[in-house]
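Observations on chain architecture
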Amino acid sequence: MSNNQLLEDILAQPKSVEDLDIPQNILIDIILRLLYTEGNVDFRRISQVMRVPHALEQLLDWLRKEHLVEVSQLSASHGPLNYIYKLSGPGEDRARESMERCQYVGPVPVPVHRYHDAIELQSTGPRLVKPAQIKKALSDLVLPDDFHRKIGPAVNSAASLFLYGPPGNGKTTISMYISQLISGTDPIWLPYALTAGGQIIQIYDRLFHQEIEAEQKGTLDGRWGLFKRPSVVVGGELKIESLDLRFDPLAKFYEAPLQLKANGGVFIIDDFGRQQASPIDLLNRWIMPLENGVDFLRLRTGQTIIIPFRALIIFCTNLDPYNLADEAFFRRIQMKVGIFNPDESRYKTIFQKVCQQMSIYFDEVCYDHLIVKWYRNDNRQFQAVHPRDLLIIIRALCNYDDREIHLTEELIDEACEIYFVKHTTP
């Protein structure tokens, strides 16, 4: 059976409570909490929130027989779809008890083993990103001619990637362009929430998950959504706790860690080495997932769950890599790409390209003045970001003076005095 057929089986629309493959109490509690928080709720609303319409009638029937909910009907001609449900006295008592245990109200969670299988089916095998696609994705940047050959294999193999080199030369931008490229390839089916050990883990995060309208959505399991491949970007704010399950003591359910939200897509750790956690602690956290392709997460009960680790992880750093980790770690990251300062020729090409993008006439005399006075005389290193930043300042100065935007030696000197940090003595 092909991967597509296996995935279709996982995503098949459940026809009964048994097909959902999770404890019935989880379903009942979500219904009771929904009625408790919203009051009188019709069938359509319950279905909209929980996304399992074909299993709801069976559950709501049981709740009525147990005298936990009461029902009224607006129009006999429309049947159960037009019922309005509310809690009975005993139902309200049980709903309050449920709220004390957990306050999750949303799509019915998917069992973790089904999630594991679905991610594996959608992430195994190489991607088929072509050199032309990599070149196009990086076309806004002025890079060495063969640079795409260093990036493309990592994207296709979904291996980890380590970008290093001095600041201001495009590591973050390259990472974001790679992320956009992967997000624009084949979409991925992801659940909104998981359940393991009777606990609920919310995966969906509107910051990282962009849902796509699927033609066949109405015939599939509504607990899954079709998304662009997620892209999770973190920088110096990353803490080691962000990589573990986070239990909300008020809502009483778990939020997925960042790498779980990134599964099937890209996880970018920018400015690596500047985090609040030590680089060694962060790197040690990644050794096993990088080695085995799985991650181990622990619930408060002590139970450990195994989650597939199928994100392209990109480390970006301005620091010397071997001051961050040892050889053993770097063996696990096959793709390591240095991004260094441009030479004078490439710097000029970058400057001319930015001028064109900003509709500023490139003046050769003014440019030569910049190079001689502010680079050669000061022995300053070229950085790929300098042209953009200097031209932005020049544009701001011209706008401030309400005059046409153009290059002059005076404007270049003024912009450089603002932009470059001078060494000071105490």
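Residues numbered from 1 in each chain as written. Predicted model: local features only at pLDDT ≥ 70, side-chain atom pairs only at ≥ 80, totals over all residues. Heavy atoms only, no water.

Notes on the layout of surface pockets
Approximately 700 Å³ is the volume attributed to the largest pocket. For the lining of the largest pocket, the elements supplying multiple residues, two or more each, are helix H9 (171–183), strand E16 (312–317) and helix H13 (344–357). Across the lining of the largest pocket, the residue classes tally to 16 nonpolar, nine polar and eight charged. (1 Å grid on protein atoms, 1.4 Å probe; cavity = no way out; pocket = protein on both sides within 12 Å on 5 of 7 lines; lining within 4 Å. Points joined across faces, edges and corners; volume = space filled by probe spheres on them. Helix = DSSP H or I, 4+ residues; strand = E, 2+ residues; numbered from the N terminus. Nonpolar A, V, L, I, M, F, W, Y, C, P; charged D, E, K, R; others polar.)

Some points on the nonpolar core
Judged by nonpolar contacts, the single largest core of 35 residues is most densely connected at Ile46 and Met50. For this core, the secondary structure elements donating two or more residues are helix H2 (24–38), helix H3 (43–50), helix H4 (53–65) and strand E3 (83–87). No other element matches H2, which puts eight residues into this core. Among residues more than four places away in sequence, those in contact with Met50 are Leu27, Ile30, Ile31, Leu56, Gly106, Pro107 and Val108. Tyr115, Ile119, Leu190 and Leu297 belong to the second-largest nonpolar core, a separate cluster that totals 30 residues. (Core = buried A, V, L, I, M, F, W, Y, C linked by side-chain atoms within 4.5 Å. Buried < 20%, exposed > 50% of the residue type's maximum accessible area, 1.4 Å probe, protein only. Contact = heavy atoms within 4.5 Å.)

What about helix H6 (residues 112–123)?
Over its 12 residues, H6 runs 16 Å from end to end, which matches the ideal 16 Å to within 8%, given 1.5 Å per residue. For H6, the buried fraction is high: nine of the 12 residues fall into the buried class. If you check which residues of H6 are buried, you get Val112, Arg114, Tyr115, Ala118, Ile119, Glu120, Leu121, Gln122 and Ser123. (Expected span 1.5 Å × (residues − 1).)

Overview of the sheet that holds strand E5 (residues 161–164)
What the five strands build is an open sheet, ordered E10-E13-E16-E5-E17; its pairing is parallel. Because the sheet does not close on itself, it has two edges, and the strands there are strand E10 (231–234) and strand E17 (335–338). For this sheet the average axis-to-axis angle between neighbouring strands, irrespective of direction, equals 15°. Across four bridges, strand E13 (residues 266–269) lies against E16 in parallel orientation. (Pairing = 2+ DSSP bridges. Axes fitted to C-alpha atoms, helices over the stretch in contact; angles between N-to-C directions.)

What about helix H14 (residues 364–376)?
Along H14, the residues that are buried comprise Cys366, Tyr367, His369, Leu370, Ile371, Trp374 and Tyr375. One side-chain oxygen at the N-terminal end of H14 lies 2.9 Å from the backbone nitrogen of Val365; it belongs to Asp363. (Polar contact = N/O pair within 3.5 Å; in protein donor to acceptor, adjacent residues only side chain to side chain.)

Brief notes about the packing of H2 against H4
Orientation of H2 relative to H4, taken along the N-to-C sense of each, is 75°, at an axis distance of 11 Å. By the angle class used here, H2 and H4 are roughly perpendicular. Touching Gln24, Leu27, Ile28, Ile31 and Leu32 of H2 are Leu56, Leu59, Leu60, Trp62 and Leu63, all from H4. For the contact of H2 with H4, the class distribution of residues is nine nonpolar, one polar and no charged. (Parallel < 35°, antiparallel > 145°, perpendicular 65-115°, else oblique.)

Here's the deal with the pattern of salt bridges
Under the defined criterion, the tally for this structure stands at 21 salt bridges. Across the pair Arg45 and Glu38 runs a salt bridge whose closest N-O atoms are separated by 2.8 Å. (Salt bridge = Lys/Arg side-chain N within 4 Å of Asp/Glu carboxyl O.)

Considering the sheet that holds strand E8 (residues 199–202)
Taken in spatial order, the five strands make up an open sheet running E4-E7-E8-E12-E11, and their pairing is mixed. At either margin of the open sheet sits one strand with a lone partner, and together these are strand E4 (110–111) and strand E11 (246–247).

Comments concerning the environment of Leu391
Mapped onto the elements, Leu391 comes out in helix H15 (residues 386–400). The exposure class of Leu391 is buried, given its relative accessible area of 0%. With 37 residues separating them in the primary sequence, Leu391 and Val354 have C-alpha atoms 7.9 Å apart. When neighbours within four sequence positions are excluded, Leu391 is seen to be in contact with Phe351, Val354, Cys355, Met358, Ile360 and Leu407.

A word on the packing of H13 against H14
Put simply, H13 and H14 touch, their axes get as near as 12 Å, and they point 130° apart. With respect to H14, the element H13 is oriented oblique. For the crossing formed where H13 meets H14, the hand is right-handed. Residues Glu344, Tyr347, Lys348 and Phe351 of H13 lie in contact with H14, whose contacting residues are Glu364, Tyr367, Leu370, Ile371, Tyr375 and Arg376. Taken together, the residues of the contact of H13 with H14 sort by class into six nonpolar, no polar and four charged. (Left-handed = near helix turned anticlockwise from the far one by under 90°.)

Some remarks on the confidence of the model for the protein chain
The predicted model of the protein chain averages 89 in pLDDT, with 96% of residues at 70 or higher. The least confident element of the protein chain is helix H12 (residues 327–331), whose mean pLDDT is 74; the most confident is E4, at 97. (pLDDT = per-residue confidence, 0-100.)

Remarks on the pairing of E16
Of all six residues that make up E16, six are buried, and the element is covered over most of its length. In E16, alternate side chains face the same way, and those of Leu312, Ile314 and Cys316 on one face and Ile313, Phe315 and Thr317 on the other are all buried.

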